[in-house]
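Spelled out from the first residue to the last, the chains are:
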Amino acid sequence: REIEGSIPVKFQKLELEKFLKKAHKGSQIMLDVEGTQYDALIKDVAYNPVAGRIDEIDFQALVSTEKVHSVVEVVLENHDKIAEGVLQESLEEIAYKALPADLVDEVRVDVGDMKIGDVIRVKDLPIYADKKITMQQYLSQRQQKLRKSQRRTNNPEKIISEQLNDLKKGMVTKMTIPFLHKKI
């Protein structure tokens with residue numbers, strides 16, 4: 001459905017809070033604007049932490065035949081069953097592209113049986129294997145180059161040095177979801 005420009009929509013505070021308990025960034029919803037129904041995607045939610053309120057929500061009208069960029073929320077289950085170590089979640093949402101009929105609201109990951117050193121990657125999740133969904137590339141060119149160099153060399157000092165340099169330059173991006181490591 002074609003929409004000319006943007007449509008400002010106002011919500012009552014309680015209505016908005018109730019709405020956001022069920023829906024979040026990446027959720028597909030039916031939006032009723034003055035009696036007209038829109039199949040829409042929540043693109044972004046702008047929180048104002050100082051005022052303790054939501055300043056803005058961006059919606060995107062969906063067309064059934066056009067793929068859309070979205071994110072799926074990663075929900076970790078059974079983290080309370082981990083007996084030892086600390087669960088580190090590096091990715092709370094996964095970017096992807098799909099038709100409106102194929103949009104995914106959340107990906108549940110059972111971490112209850114993880115052991116120290118276990119890693120779950122995006123490619124390990126069922127959403128990655130779904131042929132209707134196009135996954136976004138998570139590795140930067142620098143990370144791809146580093147991966148290639150890691151395959152060529154077994155020099156851990158060099159690899160750690162490169163990763164520390166990336167950290168100092170602010171070039172670190174998230175690549176894995178949970179990682180379980182020992183408590184120190």
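Residues numbered from 1 in each chain as written. Predicted model: local features only at pLDDT ≥ 70, side-chain atom pairs only at ≥ 80, totals over all residues. Heavy atoms only, no water.

Q: So what exactly am I meant to see when it comes to the overall build of the chain here?
A: Regarding its fold elements, the chain presents four helices and ten strands. The burial tally for the chain puts 30% of its 184 residues in the buried class. Relative to all contacts within the chain whose residues are 6 or more apart in sequence, the contacts with residues 24 or more apart total 64%. (Helix = DSSP H or I, 4+ residues; strand = E, 2+ residues; numbered from the N terminus. Buried < 20%, exposed > 50% of the residue type's maximum accessible area, 1.4 Å probe, protein only. Contact = heavy atoms within 4.5 Å.)

Q: When you look at the layout of surface pockets in this model, what are you seeing that I'm missing?
A: Rolled over the atoms, a probe with the dimensions of a water molecule shows which regions are left empty. In this structure, the largest pocket occupies an estimated 680 Å³ of space. At the level of elements, helix H1 (13-22), strand E1 (28-33), strand E2 (36-48) and strand E3 (53-61) are the ones that each hand at least two residues to the lining of the largest pocket. Ranked by residue count, the leading element in the lining of the largest pocket is E3, at nine residues. In terms of residue class, the lining of the largest pocket is made up of 14 nonpolar, four polar and seven charged. (1 Å grid on protein atoms, 1.4 Å probe; cavity = no way out; pocket = protein on both sides within 12 Å on 5 of 7 lines; lining within 4 Å. Points joined across faces, edges and corners; volume = space filled by probe spheres on them. Nonpolar A, V, L, I, M, F, W, Y, C, P; charged D, E, K, R; others polar.)

Q: What exactly am I supposed to notice about the sheet that holds E2 here?
A: Within a sheet, neighbouring strands are paired by backbone hydrogen bonds and run either parallel or antiparallel to one another. With antiparallel pairing, the three strands of this open sheet are ordered in space as E1-E2-E3. Edge positions in the sheet fall to E1 and E3, since each has one partner strand and no second. Strand-to-strand twist of the sheet, defined as the mean angle between neighbouring strand axes without regard to direction, takes the value 55°. Judged from the eight bridges that link them, E2 and E3 form a sheet pairing that is antiparallel. Across the sheet, the residue bridging to Leu41 is Gln60, located in E3. This element, H1, spans E1, E2 and E3 of the sheet and lies at about 60° to E3. (Pairing = 2+ DSSP bridges. Axes fitted to C-alpha atoms, helices over the stretch in contact; angles between N-to-C directions.)

Q: Could you clarify how one ought to interpret H1 in this entry?
A: Within an α-helix, residues lying three or four positions from one another point in the same direction, as the helix has 3.6 residues per turn. Listed as buried for H1 are Leu16, Phe19 and Leu20. Here the buried residues of H1 occupy an arc of 95° about the axis, which is enough to place them on one side. In H1, the exposed residues that point more than 90 degrees away from the buried face are Leu14, Lys18, Lys21 and Lys22. Lining the buried residues of H1 we find E1, E2 and E3. (Arc of directions from axis to C-beta.)

Q: Which parts of the structure should I look at to understand unusual backbone geometry?
A: Where the residue is not glycine, phi is negative for most of them; where a peptide bond is considered, it is trans in most cases. If you check the backbone angles, Glu34 has positive phi at about 50° while not being a glycine. Inspection of the secondary structure puts Glu34 in the loop between E1 and E2. Overall, Glu34 belongs to the exposed group, its relative accessible area being 80%. Positive phi, normally seen in glycine, also occurs at Asn78, with a value near 65°. Residue position: Asn78 is located in the loop between strand E4 (68-77) and strand E5 (86-89).

Q: What is the right way to read the packing of aromatic side chains from this model?
A: Within a pair of aromatic rings, the relevant descriptors are the distance that separates the centres and the angle that separates the planes. Following the criterion strictly, the structure yields two aromatic pairs and no others. Between the aromatic rings of Phe11 and Phe19, the centroid separation amounts to 5.8 Å while the plane-to-plane angle is 20°, which identifies the pairing as stacked. Judged by relative accessible area, Phe11 falls into the partly exposed class, the value being 27%. Measuring from centroid to centroid gives 6.5 Å for Phe11 and Phe59, while their planes differ by 40°, and the two rings are tilted. Of the two residues, Phe11 is situated in the segment before H1 and Phe59 in strand E3; the sequence distance between them amounts to 48 residues. (Phe/Tyr/Trp six-rings, centres within 6.5 Å; stacked < 30°, edge-to-face > 60°.)

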